Amino acid sequence: MKKLMASALAAAMVVSLAGCGASSTATTGETGSAAATSESASTESVLNTDTSTLYINLASEPDRLDPALNSTVDGAVLAVNSFVGLLTYDENGQLAPGVAESYDVSEDGMTYTFHLRQSKWSDGTDLTAKDFVYSWNRAANPMTASDYSYLFDGLIAKNEAAEEMVANPEYDAAAAEAAAASGEEYSTPAEVYSDAALAEQEANNILVGVEATDDYTLTVTLVSPCPYFLSLCAFPTFFPVPQASVEAANTDGTNPGAWALEAGFVSNGPYTCTAWNHDESMTYTKNPNYYDADSVSIETLQFMLSADDTAIYNAYMAGNLDFIDTIPNEQIPKHNGTDPEFYIATNIGTYYVGFNVNSKLFEGKTPEQANAMREAINLLIDRQYIVDTIGQTGQELANTFVPAGMSDSNGAEFRQNTDSYTYPDAEAVGYLDPTEDAYEENLQTAISLLESAGYEFDDNGMLSSSTPLSFTYLTNEGAGNEAIGAAIQQDMAAVGITVDVETQSWNVFLNERKAGNYDVCRQGWLADFDDPINMLEMWTTESGNNDAQFGRPDETGSVPSYAPQNWDTYNDLIASIKAETDLTKRVGLMHQAENMLMETWAIVPLYYYNDPYMQKSNVEGVYTNSFGFKYFHHATKTAA
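Here's what I pulled together on the structure shown here.

1. Comments concerning the overall build of the chain
What the chain contains, in helices and strands, is 17 helices and 27 strands. For the chain, the C-alpha radius of gyration of 25 Å lies close to 26 Å, the compact-globule estimate for 640 residues. Principal-axis analysis of the C-alpha atoms gives the chain an extent of 75 × 75 × 50 Å. Here the chain has roughly 24,100 Å² of accessible surface; of this, 47% comes from carbon and sulfur atoms.

Here is the structure:
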């Protein structure tokens, strides 16, 4: 589909589209890069010759630095450079020893015994197996309110006493019913944790199957064999945190992440955060107590905190930055394919549009009509334009939520037609044909879907003024994200739908999206580990990453009549997947779950991620993996 505003948009677009969230192979290699020629002299940047410091931009002010509370990629990058779990990732993207030097697995695949090296926290105190027991229980504890606490569900047995719910004596059923009838908010829950459950949570007694058998032996007993468990051991939610520091900063229990809100917090990784000028810069300094400190060459990581893509690029070209994770769109043709400092790393993830299923946008519709509205909007989006004009680094058009390249944990790629499963659009291997060739057919289907939802169109295919449709598209700062919003706005205008694009700062955007304070929003998810369950379990009702609000009550205390109903069916399906030991059956169940998710069309995939970044020619040893993590602890830097 042609865009009248193409030239105007292109001038403003910037590739700064990294998703949030946490593989088979990692790469820091480029696609089509070659030495710059004299004709491309304008691409040559000034080298920074301070060999003791690496100057970096990842993003703007991070949301959370507590590993248990982080849910963003930039936060995860900071975490993997300042903490280390039982396992870590090496430069080849493979799992490697971390705090655990080795481990044993029982024959039934349910008991893991980790043998820990003798290591220390950055303050010089010993790090022991008990720190992992505390940290894992804390991450799973409802009092911590970790977005990722669901990762422990069905993985490690829970203390049932800590989950006991009882009727809330302050709940007024008549008042709740009256509020629902009048469309007003009634926020008092019908059930609350029992006193016994609160006592167990206060004692951080949540997980039954995690035990420190001695100071340097950790035994973990799983509910059932888990094909991705070892990958979780390298994910930030499972990193150790220092109990004394955490509890000293949160004496009243109201702010579990308080200990890591300023510089100086205790960690156990290659670097520690030693300075933090909020919204401006962060300094990470080599940790002499890191168990492998001798391998760390760069003494200081200096982070510029900014979402101003042009300023970031100019700082890089001037020699003030050595590594940047965002490149202005208009600069990409100057570097891609000609500049050895321009890289495109492989990612496993999906950039998508998300809907709040509880939004008043769907009020008065049936769940089927709401699904039809969302599917129609999905079909109207010109993905090829977004990839060609905004992305520009070879992103693949997406028509599934589980991304291309993700393993099924049974020896094959998940996204493929097989003898036992065929995607609804078999030829496109997905849930729609997203190509330009299918646009006219998709357009007509979209109009028909909207008509089925009660909207009327004139003979020119434009929405009738008698049945208007408008919504606000919420996105975060960054010209690339904003340009995608503008492109969607124009796509909707093609049939008479009105879209307002609202832009918020990164931290505000994250919290508004999580709270469900939006109609339609920009979303992105880089996989945390290479298994489809990671893309699917985030949509269970109680998941901290369920930004779509599936199965959740609105302000009246009930699930709206127009939202997907009986979402417990999905919750139960996810639980079945996590309990299934037959890997072939498990793959089939995961396809069922993705089908159920995509039938709602609350998830509109646009493209599968890759990761363009720039790194100075005098810097070596930085590596990344398919989950977007960047590791700087093996970096070296020469003067020229």
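2. Observations concerning helix H12 (residues 439–452)
Compared with an ideal rise of 1.5 Å per residue, which puts 14 residues at 20 Å, H12 spans 20 Å between its outermost C-alpha atoms and is within 8% of the ideal. For H12, the set of buried residues is Tyr439, Asn442, Leu443, Ala446, Ile447, Leu449 and Leu450. All buried residues of H12 fall inside an arc of 160° around its axis, so they share one side. Projecting away from the buried face of H12 at angles above 90 degrees are the exposed residues Glu440 and Glu441. Looking at the packing, one finds that the buried side of H12 touches helix H10 (367–380).

3. With respect to the pairing of strand E15 (residues 300–304)
Two strands pair when backbone bridges link them, and strand E2 (residues 53–57) and E15 are joined in this way by four bridges, in the parallel orientation. Along E15, the bridge assignment pairs Thr53 with Thr300.

4. Quick notes on the packing of helix H11 (residues 383–391) against helix H13 (residues 479–493)
Between H11 and H13, the least distance of the axes is 11 Å, while the angle of their chain directions is 145°. Of the two possible hands of crossing, H11 and H13 adopt the one that is right-handed. Contact residues: Tyr385, Ile386 and Ile390 in H11; Gly480, Ala483, Ile484 and Ala487 in H13. Looking at side-chain class alone, the contact of H11 with H13 contains six nonpolar, one polar and no charged residues.

5. Comments concerning the pattern of salt bridges
If you walk through the whole model with that rule in mind, you get 15 salt bridges. Where Asp325 meets Lys630, a salt bridge forms, and the shortest distance between an N and an O atom there is 3.0 Å. In this pair, Asp325 sits in the loop between strand E16 (323–324) and strand E17 (327–328) while Lys630 sits in strand E26 (residues 630–631), placing the two residues 305 residues apart along the sequence. Comparing Asp325 with Lys630, the two get one shared label, buried. Note that Arg513 and Asp547 form a salt bridge whose closest N and O atoms lie 3.3 Å from each other. On the criterion of sequence distance, the pair formed by Arg513 in helix H14 (residues 506–515) and Asp547 in the loop between helix H15 (533–536) and helix H16 (568–579) is long-range, its members being 34 residues apart. Overall, Asp547 belongs to the buried group, its relative accessible area being 6%. Among the ionic contacts, a cluster of salt bridges with common partners joins Asp153, Lys158 and Glu163.

6. Observations regarding the nonpolar core
Core analysis: the biggest nonpolar cluster contains 166 residues, and Phe114, Trp136 and Phe229 have the highest contact counts within it. Look past the residues within four positions of Trp136 in its chain and what remains in contact with it is Leu86, Phe152, Ile156, Leu207, Val210, Val220, Phe229, Cys233 and Phe238. Grouped together as the second largest cluster of nonpolar side chains are 12 residues, Ile312, Ile324, Ile327 and Ile344 included.

7. Remarks on the pairing of strand E22 (residues 520–526)
Burial analysis of E22 places seven of its seven residues in the buried class, the great majority of the element. The two faces of E22 match: Val520, Arg522, Gly524 and Leu526 on one face and Cys521, Gln523 and Trp525 on the other face are all buried. As paired strands, strand E18 (residues 342–355) and E22 are joined by seven bridges and run antiparallel to one another. Opposite Thr350, over in E22, you have Trp525 as the bridge partner. One ladder, built from two bridges, connects strand E20 (residues 470–476) with E22; its direction is parallel. Note on E22: the bridge partner recorded for Leu474 is Cys521.

8. Some points on the side chain of Arg117
Structurally, Arg117 can be placed in the loop between strand E6 (111–116) and strand E7 (119–120). A distance of 2.7 Å separates the side chain of Arg117 from the backbone oxygen of Gly98, its partner in a polar contact. Not counting residues within four places of it along the chain, the set of residues in contact with Arg117 comprises Pro97, Gly98, Val99, Ala100, Glu101, Tyr216 and Tyr291.

9. Regarding the packing of aromatic side chains
On inspection of all chains with the given rule, the structure shows 38 aromatic pairs. Judged by centre distance (5.4 Å) and plane angle (85°), the ring pair of Phe323 and Phe632 falls under edge-to-face. Here Phe323 is found in strand E16, whereas its partner Phe632 is found in the loop between E26 and strand E27 (636–637), with 309 residues between them in sequence. A residue is classified by how much of its surface remains accessible, and Phe323, at 2% relative accessible area, is buried. Residue classification places Phe632 among the buried residues on the basis of a relative accessible area of 0%. Put simply, the rings of Tyr103, Tyr112, Phe114, Trp136, Phe152, Phe229 and Phe238 touch in pairs and so form one group of aromatic residues. Geometry around Tyr291 places Arg117 over its ring, the cationic atom sitting 4.1 Å from the centre. Note that Lys616 overlies the ring of Tyr316, its terminal NZ or CZ placed 4.4 Å from the centroid.

10. A short note on unusual backbone geometry
Phi at Asn204 is positive, roughly 60°, even though this residue is not glycine. Structurally, the position occupied by Asn204 is in the loop between helix H5 (195–202) and strand E11 (210–214).

11. Brief notes about the sheet that holds strand E12 (residues 217–221)
Two pairing modes exist for strands in a sheet, parallel and antiparallel, and in both the strands are linked by backbone hydrogen bonds. Strand order across the open sheet formed by four strands is E5-E6-E12-E11, with antiparallel pairing between neighbours. With partners counted over all chains shown, the strands left at the sheet margins are strand E5 (100–105) and E11, one partner each. Within the sheet, the average angular offset between the axes of one strand and its neighbour, ignoring direction, is 25°. Where E6 lies against E12, five bridges are found, and the strand directions are antiparallel. Its bridge partner lying in E12, Tyr112 is registered against Val220. Along the sheet, helix H3 (residues 129–140) contacts E6, E11 and E12; its crossing angle with E11, the most-contacted strand, is approximately 170°.

Cut-offs applied
Residues numbered from 1 in each chain as written. Predicted model: local features only at pLDDT ≥ 70, side-chain atom pairs only at ≥ 80, totals over all residues. Heavy atoms only, no water. Helix = DSSP H or I, 4+ residues; strand = E, 2+ residues; numbered from the N terminus. Rg over C-alpha atoms; globule rule 2.2 N^0.38 Å. Areas by Shrake-Rupley, 256 points an atom, 1.4 Å probe, with all protein chains shown as cover. Expected span 1.5 Å × (residues − 1). Buried < 20%, exposed > 50% of the residue type's maximum accessible area, 1.4 Å probe, protein only. Arc of directions from axis to C-beta. Contact = heavy atoms within 4.5 Å. Pairing = 2+ DSSP bridges. Axes fitted to C-alpha atoms, helices over the stretch in contact; angles between N-to-C directions. Left-handed = near helix turned anticlockwise from the far one by under 90°. Nonpolar A, V, L, I, M, F, W, Y, C, P; charged D, E, K, R; others polar. Salt bridge = Lys/Arg side-chain N within 4 Å of Asp/Glu carboxyl O. Core = buried A, V, L, I, M, F, W, Y, C linked by side-chain atoms within 4.5 Å. Polar contact = N/O pair within 3.5 Å; in protein donor to acceptor, adjacent residues only side chain to side chain. Phe/Tyr/Trp six-rings, centres within 6.5 Å; stacked < 30°, edge-to-face > 60°. Lys NZ or Arg CZ within 6 Å of the ring centre and 35° of its normal.

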